[in-house]
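Structural characterization, general
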Amino acid sequence: VCSSDLTVFDYLIMLLHIGAEIEHSLMVQYLYAAYSLNDRTGSARQRKKVGEWRNLILTVAKEEMGHLLTVQNLLCLLGGPVCFKRFNFPTDTPYLPFPFRLEPVSAKSLAWYVYAEAPEDWQTLLRTHSRNRRVRVEDDIKMVANIVGEQVVTGHAHTVGQVYGRILEVISDPVRIPDSALRADTYAHQASWDDWGRGYAPPPARPGETKPPKVAIGERSNILIMQMATRTEAIAALREIGGQGESAHLRVKESDEPSHFDRFLHLLDEFQRGGKDWNVVHKVPVNPTTIGPRDKPEGSTSIEQQTSLLWATLFNLRYRALLTYLSHTFRLVRLVDTQEPNVRGAVMHKIFGEMYNLKAIAGILVRRPLRDTPASGRGVARGAGGNKSAHEVVCAAPPFEMPYTIDVPMDEPDCWRRHQDILRSCLEICHALLTGKDPDSQELSVGGFNYLRTLQQLDQKSIAWMNIIIDGLLQTGGHNT
């Protein structure tokens, strides 16, 4: 039922924005969980298994990115604004499967992920599905029900599948959403598999090998990014992304590819059997933030150590750069005159670069202290609420804090100036890290030093390149999209 102040079209755009925010939120929480795993401790068998767990979680996160981009394509088709916003912690809304929470891998967090990705008839599915294993089915049900609440599990409310089901119901009705509301001319602006999927192709064979390395089926990323120009294509896209992850009942046909639900259920089983006792999770905080202890949001943990805070701030800036580039790509046409440079491809290249930056900086943060070390030695770390906990927090972590805005300006030259402004802020942080003195940590490693110097050089070149684009836009009227 639509609110009295919403048209049916407004309502559909609102639902798509909710779906986009949920996909973004789940993706970030999964990335944080993956970064929290430590495959450098324990036996060789344990390190190998933890690496597989990380790859599994990252696989799901990559596929969530595909879902997020496909929703943007549908927004383009409807002439609505794209949406790369997400919920910030601590947040709970009627549409989130569970409150937004950046936390390390645990049986509790994995149980929530199972619940979030479950189809409406998931209990029946658990009892009848025989692929791989189902000997612990009843234990799985009891555990998830105990964590998320038995009443919620029974009714299975607040799931992503419900949002997608409602979107499908509205967009499938040509009376409420006529063909005239569909903008087929936006096809060239939409994200495509050519843009994104090729970056997640299977690894190539190494020199001397006849076949590429085998990748476990649970770790294979199947990035679904579908362009659309018709209602039929839009419905098919929604069913595909729903079937891959959160709403298996929407799947058009059976597939050997495990759903996100299957993957997390399998991971939960393995973690319960051994992982929870292996000590292979970094001692990272819940909901890390760069905001100081006096002003931080309730339920979050401040990163207080000076150099760790600089790295966390740099992480936030690269995250903002990625989201701003993403928003901008939907303003840039893929097909341009052959005599003109196609800047869209260059921006796509920068997006992938920022993804690698986030991964690199996250790896640095989880090995840095959260707070200054007392002179007498490392003190007792305290959790998000300020009390000693079983999971003693001693490491920093990637904060994934949303900026005040990721909207791009109306004027095209100003879009590029926005990118430059973010990069200049990154340059300042890099300079501070390269020249600052931190009494609580070792000298900047050779790898860290080289990474920051390379990052500086690339950012300086990007700023110069963007100056050329801005000059060209001003000479041509400022509308090269």
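Quick caveat: nothing in here was measured; it's all calculated off a predicted structure.

Once that is clear, we can look at the environment of Pro288. Summarising the element assignment, Pro288 is placed in strand β1 (residues 288-289). Residue classification places Pro288 among the buried positions, given a relative accessible area of 0%.

With that out of the way, let us pick up the pattern of salt bridges. Taken as a whole and judged by the stated rule, the model has 15 salt bridges. Here Glu63 ties to Arg263 by a salt bridge, and the two come within 3.0 Å at their closest N and O atoms. Linking Glu63 in helix α2 (residues 44-77) with Arg263 in helix α10 (residues 260-273), this pair joins segments that are 200 residues apart in sequence. Arg263 carries the same exposure label as Glu63, and that label is buried. Notably, a salt bridge pairs Arg101 with Glu103, separated by 3.2 Å at the nearest N-O pair. For Arg101, a relative accessible area of 31% corresponds to the partly exposed category. The buried category is assigned to Glu103, whose relative accessible area is 9%. Among the charged side chains, a network of salt bridges with common partners joins Lys48, Lys49, Glu52 and Glu270.

This next bit is on the confidence of the model for the protein chain. Taken residue by residue, the protein chain gives an average pLDDT of 81. The fraction at 70 or more is 75%. Within the model, the stretch residues 129-135 combines pLDDT values under 50 with 13 contacts to residues more than four positions away or in other chains. Low confidence marks residues 247-253, where pLDDT is under 50. Its contacts with residues over four positions away, or in another chain, come to 19 contacts.

Residue pairs three or four apart in sequence face the same way in an α-helix, which turns once every 3.6 residues. Here helix α1 (residues 8-36) spans 42 Å end to end across 29 residues, near enough to the 42 Å set by a 1.5 Å rise per residue. Counting buried positions over the 29 residues of α1 gives 25, a clear majority of the element.

Ranked by internal contacts, the top residues of the largest apolar core, which has 132 residues, are Leu69, Leu74, Trp196, Phe264, Leu314 and Phe400. At 17 residues, α1 tops the list of elements feeding residues into this core. The residues contacting Trp196, other than those within four sequence positions of it, are Leu69, Ala191, Ile225, Leu326, Met348, Ile351, Phe352 and Met355.

In the Ramachandran plot, Asn279 falls in the positive-phi region, its phi being about 60° despite a non-glycine side chain. With respect to the secondary-structure elements, Asn279 resides in the loop between α10 and β1. Positive phi, close to 50°, is recorded for Asn287, a residue that is not glycine. By relative accessible area, which is 3% here, Asn287 ends up buried.

Our next topic: the packing of α2 against α10. Two quantities define a packed helix pair, namely the angle between the axes and the distance from one axis to the other. One way to put it is that α2 packs onto α10 with a least axis distance of 11 Å and a crossing angle of 160°. Comparing their axes, α10 and α2 come out roughly antiparallel. In the packing of α2 onto α10, the handedness of the crossing is left-handed. From α2, Lys49, Trp53, Leu56, Ile57, Thr59, Val60, Glu63, Glu64 and His67 reach across to α10, where they touch His260, Arg263, Phe264, Leu267, Glu270 and Phe271. In terms of residue class, the contact of α2 with α10 is made up of seven nonpolar, three polar and five charged.

Now for the packing of aromatic side chains. Following the criterion strictly, the structure yields ten aromatic pairs and no others. Ring centres of Tyr30 and Phe264 lie 4.9 Å apart, and the angle between their planes is 55°; this geometry places the pair in the tilted category. Of the two residues, Tyr30 is situated in helix α1 and Phe264 in helix α10; the sequence distance between them amounts to 234 residues. The burial state of Tyr30 is the same as that of Phe264; both residues are buried. Centroid distance Tyr113 to Phe264: 5.3 Å. Interplanar angle 50°. Geometry classified as tilted. Pair noted here: Tyr113 is in helix α3 (residues 107-116) and Phe264 is in helix α10, with a separation of 151 residues, a long-range link. You'll find Tyr113 and Phe264 in the same group, each marked buried. Feature note: the residues Tyr30, Tyr113 and Phe264 constitute an aromatic cluster, connected by ring pairs.

The rules behind these values
Residues numbered from 1 in each chain as written. Predicted model: local features only at pLDDT ≥ 70, side-chain atom pairs only at ≥ 80, totals over all residues. Heavy atoms only, no water. Helix = DSSP H or I, 4+ residues; strand = E, 2+ residues; numbered from the N terminus. Buried < 20%, exposed > 50% of the residue type's maximum accessible area, 1.4 Å probe, protein only. Salt bridge = Lys/Arg side-chain N within 4 Å of Asp/Glu carboxyl O. pLDDT = per-residue confidence, 0-100. Contact = heavy atoms within 4.5 Å. Expected span 1.5 Å × (residues − 1). Core = buried A, V, L, I, M, F, W, Y, C linked by side-chain atoms within 4.5 Å. Axes fitted to C-alpha atoms, helices over the stretch in contact; angles between N-to-C directions. Parallel < 35°, antiparallel > 145°, perpendicular 65-115°, else oblique. Left-handed = near helix turned anticlockwise from the far one by under 90°. Nonpolar A, V, L, I, M, F, W, Y, C, P; charged D, E, K, R; others polar. Phe/Tyr/Trp six-rings, centres within 6.5 Å; stacked < 30°, edge-to-face > 60°.

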